[in-house]
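Breakdown of the fold
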Amino acid sequence: MAGGNYKNVVKMTFAKGAALKDPSGLFNSGLGGNVRRAIDIHEGDKVDEAALKDLSRAAVALNLKGQNKKKPKPKSRRASSKRAG
């Protein structure tokens, strides 16, 4: 998740937002993309704090899950110090 403040909006971008369930409908920007989703918060907007916490926790869980799927590094093969002879 990344955040940024602009002249008229604070934007919270979720890199894998398209894979997250959003039952509260917080995502209101970046909806056309295949991966990212964002929440634009304008001055005076009321934010459902509980839903935002749930969405943030789900994003963290998704990112951690992705880390567990990384392939382990292959064991390096060291050249034998003994020569065939």
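Our subject is the structure that appears above.
Report follows, based on the coordinates. (Residues numbered from 1 in each chain as written. Predicted model: local features only at pLDDT ≥ 70, side-chain atom pairs only at ≥ 80, totals over all residues. Heavy atoms only, no water.)

**Considering the overall build of the chain**
Scanning the chain for helices and strands turns up 1 helix and 3 strands. If you list the helices and strands of the chain from N to C, you get β-β-β-α. Per-residue burial for the chain yields a buried fraction of 21% across its 85 residues. Expressed as a percentage of contacts within the chain between residues at least 6 apart in sequence, the contacts between residues at least 24 apart total 45%. As displayed, the chain offers around 7400 Å² of accessible surface, 51% of which is attributable to carbon and sulfur atoms. (Helix = DSSP H or I, 4+ residues; strand = E, 2+ residues; numbered from the N terminus. Buried < 20%, exposed > 50% of the residue type's maximum accessible area, 1.4 Å probe, protein only. Contact = heavy atoms within 4.5 Å. Areas by Shrake-Rupley, 256 points an atom, 1.4 Å probe, with all protein chains shown as cover.)

**Comments concerning the side chain of R37**
Relative to the elements of secondary structure, R37 occurs in strand 3 (residues 37-41). In this structure R37 is buried but unpaired, with D22 as the nearest side chain of opposite charge at 7.6 Å. Engagement of the side chain of R37 in a polar contact is seen with the backbone oxygen of G30, the distance being 3.4 Å. For R37, the side chain forms a polar contact with the main-chain oxygen of G33, separated by 2.8 Å. (Lys, Arg positive; Asp, Glu negative; His and termini not counted. Salt bridge = Lys/Arg side-chain N within 4 Å of Asp/Glu carboxyl O. Polar contact = N/O pair within 3.5 Å; in protein donor to acceptor, adjacent residues only side chain to side chain.)

**What about the pairing of strand 1 (residues 2-5)?**
Pairing between strand 1 and strand 2 (residues 10-14): 4 bridges, direction antiparallel. Bridged to N5 within strand 2 is V10. In this antiparallel pair of consecutive strands, strand 1 and strand 2, the connection spans 4 residues. (Pairing = 2+ DSSP bridges.)

**Let's talk about the sheet that holds strand 2**
Strands sit in the order 1-2-3 across an open sheet of 3 strands; the sheet is antiparallel. For this open sheet the edge positions go to strand 1 and strand 3, each flanked by a neighbour on one side alone. Between one strand axis and the next, the sheet turns through 15 degrees on average, direction left out of account. (Axes fitted to C-alpha atoms, helices over the stretch in contact; angles between N-to-C directions.)

**Section: the packing of aromatic side chains**
One pass over the structure, following the stated rule, counts 1 aromatic pair. An angle of 80 degrees between the planes, with centres 5.3 Å apart, marks the rings of F14 and F27 as edge-to-face. A residue pair is termed long-range when its members are at least 10 positions apart, and F14 in strand 2 and F27 in the loop between strand 2 and strand 3 qualify at 13 residues. Accessibility expressed as a relative area gives 9% for F27, which makes it buried. (Phe/Tyr/Trp six-rings, centres within 6.5 Å; stacked < 30°, edge-to-face > 60°.)

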